[in-house]
Amino acid sequence: MQFNGYYDRTLDAKKRIVMPPKIRDMIGSKEFVVFAKPGEQFLRIYKEEQWEEITNELLFVNDGVDRTKLQRTIFLNSENCEMDSQSRVVLPARFIEKAGIVRDIVIIGVGQRAEIWSKDRFDEMMSEDNEPVDFVVPF
């Protein structure tokens, strides 16, 4: 199952968000990985097993790159997270700051991952990127 959809959320006083039921169901368990890729202004959500595949692939295909530096970059910018019984997740403070999240959040599904955005940054990105994408639907 692929991640899709758009969901408005709010960060509470304890730095938690309530995961949308559809995203929670797509994750398939209470545990997942949040990745703050350097240079991006949003957070990526991956299923745990998917994250393991991605990291193995990154370390394998990036031949000629300083592996120790790559490992540090990947693993210092990722965090295992867990939803509680009410589907709330505490986001790491350093990730909240990096993504510019103050209160209002947008969670979007993007195929193999979901993304967590500051609503302001998301709206700004969408207004700047208003060129329609021309593509062919194969059916």
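Quick note: structure is the one above.
None of these values were measured; they are calculated from a predicted model.

**Q** How should the packing of helix H2 (residues 48-61) against helix H3 (residues 67-76) be read in this particular structure?
**A** Helix-helix packing is described using two parameters, namely the angle between the two axes and the distance between the axes. Direction vectors running N to C along H2 and H3 enclose 155°, while the axes themselves pass 10 Å from each other. By the angle between their axes, H2 is roughly antiparallel relative to H3. H3 is crossed by H2, and the crossing has right-handed handedness. Contact with H2, carried on its side by Trp51, Thr55, Leu58, Leu59 and Phe60, involves Arg67, Leu70, Gln71, Ile74 and Phe75 of H3 and no other residues of that element. Among the residues making up the contact of H2 with H3, the classes are represented as seven nonpolar, two polar and one charged.

**Q** Whenever I open this one, the sheet that holds strand S5 (residues 78-82) confuses me. Can you help?
**A** Strand-to-strand pairing in sheets goes through backbone hydrogen bonds, with the strands running parallel or antiparallel. Taken together, the six strands give an open sheet; going across it, the order is S1-S7-S8-S4-S3-S5, and neighbouring strands pair in antiparallel fashion. If you trace the sheet from one side to the other, it starts and ends with strand S1 (6-10) and S5, each paired once. Between one strand and the next, the sheet's axes are offset by a mean angle of 30°, whatever the strand orientation. Bridging between S1 and strand S7 (residues 104-110) involves five bridges; their strand directions are antiparallel.

**Q** What is the right way to look at a negative patch on the surface in this model?
**A** A contiguous patch of negative charge, built from Asp8, Asp104, Asp120, Glu124, Glu128, Asp129 and Glu131, is present on the exposed surface. For glutamate 124, the position within the fold is in helix H5 (residues 119-128).

**Q** Hey, could you run me through the layout of surface pockets in this one?
**A** The method is simple in principle: a probe with the dimensions of a water molecule rolls over the atoms, and the space it marks as empty is what remains. Looking at the largest pocket, its volume works out to about 190 Å³. What lines the largest pocket is simply Phe35, Lys37, Pro38, Arg44, Tyr46, Trp51, Ile54, Leu58, Leu70, Thr73 and Ile74. Among the elements of the structure, strand S4 (43-47), H2 and H3 are those that each provide at least two residues to the lining of the largest pocket. Here the lining of the largest pocket is built from residues that sort into eight nonpolar, one polar and two charged.

**Q** Looking at this structure, how should I read the nonpolar core?
**A** Across soluble globular proteins, you tend to see nonpolar side chains buried next to one another. Ile17, Met19, Phe32, Ile107 and Ile116 are the most contacted members of the largest nonpolar core, which has 25 residues in total. Taken together, the elements giving at least two residues each to this core come down to helix H1 (21-27), strand S3 (31-35), S4, helix H4 (93-98), S7 and strand S8 (113-118). Among the elements that make up this core, the one with the highest residue count is H1 (three residues). Among all residues touching isoleucine 107, those that are not within four sequence positions of it are Gly5, Tyr6, Tyr7, Arg9, Ile17, Met19, Pro20, Ile23, Ala114, Glu115 and Ile116.

**Q** What's the story with the environment of serine 87 in this structure? I'm lost.
**A** Looking at the secondary structure, you find serine 87 in the loop between S5 and strand S6 (88-90). The exposure class of serine 87 is buried, given its relative accessible area of 7%. Taking the C-alpha atoms as reference points, serine 87 and isoleucine 45, 42 residues apart in sequence, are found 15 Å from one another. Here the side chain of serine 87 touches arginine 24 through a polar contact of 3.0 Å, side chain to side chain.

**Q** Help me understand the pairing of S8, please; the structure alone is not making it clear to me.
**A** Note on strand geometry: in a regular strand, side chains alternate between the two faces of the sheet. Most of S8 sits inside the fold, with six of its six residues counted as buried. Neither face of S8 is left uncovered, since the one carrying Arg113, Glu115 and Trp117 and the one carrying Ala114, Ile116 and Ser118 both have all their residues buried. Strand direction decides the pairing type here: S4 and S8, joined by three bridges, are antiparallel. For isoleucine 45, the partnering residue across the bridge sits in S8 and is alanine 114. Relative to S8, S7 is paired through six bridges, and the arrangement is antiparallel. Each residue of the ladder has a partner; that of glycine 109, found in S8, is alanine 114.

Calculation rules
- Residues numbered from 1 in each chain as written.
- Predicted model: local features only at pLDDT ≥ 70, side-chain atom pairs only at ≥ 80, totals over all residues.
- Heavy atoms only, no water.
- Axes fitted to C-alpha atoms, helices over the stretch in contact; angles between N-to-C directions.
- Helix = DSSP H or I, 4+ residues; strand = E, 2+ residues; numbered from the N terminus.
- Parallel < 35°, antiparallel > 145°, perpendicular 65-115°, else oblique.
- Left-handed = near helix turned anticlockwise from the far one by under 90°.
- Contact = heavy atoms within 4.5 Å.
- Nonpolar A, V, L, I, M, F, W, Y, C, P; charged D, E, K, R; others polar.
- Pairing = 2+ DSSP bridges.
- Patch = residues over 30% accessible without salt bridge, like charges linked within 9 Å, V, L, I, M, F, W, Y side chains within 5 Å.
- Areas by Shrake-Rupley, 256 points an atom, 1.4 Å probe, with all protein chains shown as cover.
- Salt bridge = Lys/Arg side-chain N within 4 Å of Asp/Glu carboxyl O.
- Lys, Arg positive; Asp, Glu negative; His and termini not counted.
- Charge placed at Lys NZ, Arg CZ, Asp CG, Glu CD.
- 1 Å grid on protein atoms, 1.4 Å probe; cavity = no way out; pocket = protein on both sides within 12 Å on 5 of 7 lines; lining within 4 Å.
- Points joined across faces, edges and corners; volume = space filled by probe spheres on them.
- Core = buried A, V, L, I, M, F, W, Y, C linked by side-chain atoms within 4.5 Å.
- Buried < 20%, exposed > 50% of the residue type's maximum accessible area, 1.4 Å probe, protein only.
- Polar contact = N/O pair within 3.5 Å; in protein donor to acceptor, adjacent residues only side chain to side chain.

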